[in-house]
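# What the coordinates show
Spelled out from the first residue to the last, the chains are:
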Amino acid sequence: MAEVVNTKRVTPSMMRVTLGGDGLAQFTPAGYDQWFRLFLPRAGQDMLRLPTRSSALWYAEYLTTPKARRPWVRNYTVRAARPDLNEIDVDFVLHGDGDQHAGDAHPSGPGAGFAEAAERGTRVGLLDQGIGYDPRHAHDWTLLVADESGLPAVAGICESLPRDARGIAVVEVPTAEDRQEVRAPAGVELRWVVRDAADAVPGQAALAALRELDLAGSGGAVHAFAVGESSLATGARRYLVGECGVPKTHVDFVGYWRHGRSSPG
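Below you will find a few notes about this structure.

Once that is clear, we can look at the pattern of salt bridges. Across all of its chains, the model carries 12 salt bridges by this definition. Note that R183 and E159 form a salt bridge whose closest N and O atoms lie 3.4 Å from each other. Taken together, the positions of R183 in the loop between β8 (167-173) and β9 (188-194) and E159 in helix α3 (residues 151-160) put the pair 24 residues apart, joining distant regions of the chain. Several salt bridges share partner residues, and in doing so they unite R16, R79, D91, E159 and R183 into one network.

Take a look at the structure:
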């Protein structure tokens, strides 16, 4: 269990919620794109009822809970951790379509709604799921591609890479004001891509920017990690493997959400 300590609008499209409390003493920060299940109370619930199992059986237990007593559950990424204070920061995307891994992108969805209305002391539940970024081969440089829902993951990875790491991170955001400060190694170039129109499909501008990169000139073996809207993640893998000849084992991809489709309740 954790509770809301603070909220802050960090950019027009991102709300940062700081979670804390004694329960987070059980949470072990691992860096990179560490993600977790976040359990949120539904409207009218007087208490948060969490599954008692932390193994893969938690979901079966969750589904047997009557919906009136069942909390919302969504996936989120740790943006920053302060274990000395038992605190973590979580960024929620506030605009767009569908539920996103960084947060619920739709303003009326449970994640964004929680972030915008969260009050100090509001209780939530967390189930740590570990790290998704997992190079399983020797590589010379890193390629990261994401939309705003993957920005927390890219930021966490950049801030966890070795200081001598080389690479490129391509991050698409809705507006120029949605760019954030990211502490990356000197050898990792962060390229921001701003969407041209509010009704454009998120992730397509990042995919176009990926196609413009001179991958052959980067030198050596690459480990690529593409996250965000589903067509961005799958499109990046298809391009890297099918057109650039990158081995499949050198490309990891995760579709956090699908444009035009909300996550089930």
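Inspection of every chain in the model, using the stated rule, returns 10 aromatic pairs. For the ring pair W58 and Y59, a centre distance of 5.3 Å and an interplane angle of 70° mean the geometry is edge-to-face. By way of ring pairs, the aromatic residues F39, W58, Y59 and Y62 are connected into one cluster. Here the guanidinium or amino end of R42 rests over the ring plane of W72, the centre of that ring lying 3.8 Å away. The ring of Y62 has R70 lying over it, and the distance from NZ or CZ to the ring centre is 5.3 Å.

Further remarks concern unusual backbone geometry. The residue Y32 is not glycine, and still its phi comes out positive at about 50°. Mapped onto the elements, Y32 comes out in the loop between β2 (14-20) and β3 (35-40). For N86, which is not a glycine, the phi torsion comes out positive at approximately 55°. Mapped onto the secondary structure, N86 falls in the loop between β4 (72-82) and β5 (87-93). A relative accessible area of 22% places N86 in the partly exposed class.

It is worth spelling out the packing of helix α4 (residues 204-211) against helix α5 (residues 230-243) at this point. Direction vectors running N to C along α4 and α5 enclose 15°, while the axes themselves pass 9 Å from each other. The angle between α4 and α5 places the two elements in the roughly parallel class. In this structure, α4 meets α5 at a crossing whose hand is right-handed. On α5, the residues touching Q204, A206, L207, L210 and R211 of α4 are S231, L232, G235, A236, Y239, L240 and E243. Tallied by class, the residues present in the contact of α4 with α5 amount to 7 nonpolar, 3 polar and 2 charged.

Cut-offs and rules
- Residues numbered from 1 in each chain as written.
- Predicted model: local features only at pLDDT ≥ 70, side-chain atom pairs only at ≥ 80, totals over all residues.
- Heavy atoms only, no water.
- Salt bridge = Lys/Arg side-chain N within 4 Å of Asp/Glu carboxyl O.
- Helix = DSSP H or I, 4+ residues; strand = E, 2+ residues; numbered from the N terminus.
- Phe/Tyr/Trp six-rings, centres within 6.5 Å; stacked < 30°, edge-to-face > 60°.
- Lys NZ or Arg CZ within 6 Å of the ring centre and 35° of its normal.
- Buried < 20%, exposed > 50% of the residue type's maximum accessible area, 1.4 Å probe, protein only.
- Axes fitted to C-alpha atoms, helices over the stretch in contact; angles between N-to-C directions.
- Parallel < 35°, antiparallel > 145°, perpendicular 65-115°, else oblique.
- Left-handed = near helix turned anticlockwise from the far one by under 90°.
- Contact = heavy atoms within 4.5 Å.
- Nonpolar A, V, L, I, M, F, W, Y, C, P; charged D, E, K, R; others polar.

So far we have only geometry, and geometry alone does not tell us how the molecule works.
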